[in-house]
Amino acid sequence: MSNYSLVEINERYVDVLQELGNIGAGNATTAIASMLSIRVNMNVPKVELLEVSKLGASICPEDEIIVGIFLEIQMDIEGSMMFLMRLDSAQYLVNKLMMRDASYQGDFDEMDLSALKEIGNIIAGSYLSALSTMTNLVISPSIPYLAVDMAASVLSVPAIEFGQYGDYALLIQTEFGDEVMINGYFILMPEQQSYDKILKGLGFDM
């Protein structure tokens, strides 16, 4: 990792990290509003750098069913990223997109899963676009992979992938929606050199 500790970065550069969360969440909110043709509000995101081992506890109980969108990133930086949603939030978004009753709670079919993947891809792309703009780095995501399972299972795969890159991740917790607020979690785990590039691009004196 860099010369800065997590505590120093989270405390001394909270405004920089918060701005990244604000722009990313704002981009995602705009994209979702356009996709669903609805007016979407957004609460102020919570942004912090965490040890990878603490991600699960920061999101939800390990036996809770969640939806995870996993991508690899490359070009100027390399690493992995995820966007996670609680099941009720994912169901609500799919119902909106498929023009079903908002209270529908059936199992996801193939069209639903495809819609979820597209929603996750758009949201993840929004955050990566914000990061690219703020750092002047070129960032390209892979085709997204979708998982609907218990949190422990969904997070086990990226934990292994993240372990190849380092011990730290950027977690952005966001909340957006119309009459129902959606909770989402964006996780970025760059490899070591990319981590330092990101921090320099965000204005950290490395």
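What comes next concerns the included structure. (Residues numbered from 1 in each chain as written. Predicted model: local features only at pLDDT ≥ 70, side-chain atom pairs only at ≥ 80, totals over all residues. Heavy atoms only, no water.)

### Regarding the overall build of the chain
- Across its full length, the chain carries 7 helices and 8 strands.
- By sequence separation, contacts in the chain at least 24 residues apart represent 73% of the contacts at least 6 residues apart.
- Carbon and sulfur atoms provide 50% of the accessible area of the chain, an area that totals close to 9,800 Å². (Helix = DSSP H or I, 4+ residues; strand = E, 2+ residues; numbered from the N terminus. Contact = heavy atoms within 4.5 Å. Areas by Shrake-Rupley, 256 points an atom, 1.4 Å probe, with all protein chains shown as cover.)

### With respect to the pattern of salt bridges
- Tallying each qualifying case throughout the model produces 2 salt bridges.
- The partner of arginine 86 in a salt bridge is glutamate 64, and the shortest N-O contact between them spans 3.1 Å. Within this pair, whereas arginine 86 is found in strand E4 (residues 79-86), its partner glutamate 64 is found in the loop between helix H3 (55-59) and strand E3 (65-75), the two being separated by 22 residues in sequence.
- Overall, the relative accessible area of 24% leaves arginine 86 in the partly exposed class. (Salt bridge = Lys/Arg side-chain N within 4 Å of Asp/Glu carboxyl O. Buried < 20%, exposed > 50% of the residue type's maximum accessible area, 1.4 Å probe, protein only.)

### Side note on empty space enclosed by the protein
- All chains considered together, the criterion is met by 2 cavities of 30 Å³ or more.
- Breaking the lining of the largest cavity down by element, the ones donating at least two residues are strand E7 (168-177), strand E8 (181-190) and helix H7 (192-201).
- Classifying every residue of the lining of the largest cavity gives 11 nonpolar, no polar and no charged.
- When its volume is computed, the second largest cavity comes out at roughly 40 Å³.
- If you go around the second largest cavity, the residues you meet are Ile32, Leu36, Ile38, Val40, Tyr92, Leu93, Phe176, Gly177, Asp178 and Ile182.
- Of all the elements in the fold, those that place two or more residues in the lining of the second largest cavity are helix H2 (14-36), helix H4 (87-97) and E7.
- The residue inventory of the lining of the second largest cavity, partitioned by class, reads 8 nonpolar, 1 polar and 1 charged. (1 Å grid on protein atoms, 1.4 Å probe; cavity = no way out; pocket = protein on both sides within 12 Å on 5 of 7 lines; lining within 4 Å. Points joined across faces, edges and corners; volume = space filled by probe spheres on them. Nonpolar A, V, L, I, M, F, W, Y, C, P; charged D, E, K, R; others polar.)

### Section: H4
- Residues Ser89, Ala90, Gln91, Tyr92, Leu93, Val94 and Asn95 constitute the buried set of H4.
- Of the residues one or two after H4, methionine 99 is the one with positive phi, at around 60°.

### As for the environment of glutamate 62
- Along the chain, glutamate 62 falls in the loop between H3 and E3.
- Sequence-wise, glutamate 62 and alanine 152 are 90 residues apart; in three dimensions their C-alpha atoms are separated by 4.6 Å.
- If near-sequence neighbours (up to four positions away) are discounted, glutamate 62 is found in contact with Met150, Ala151 and Ala152.

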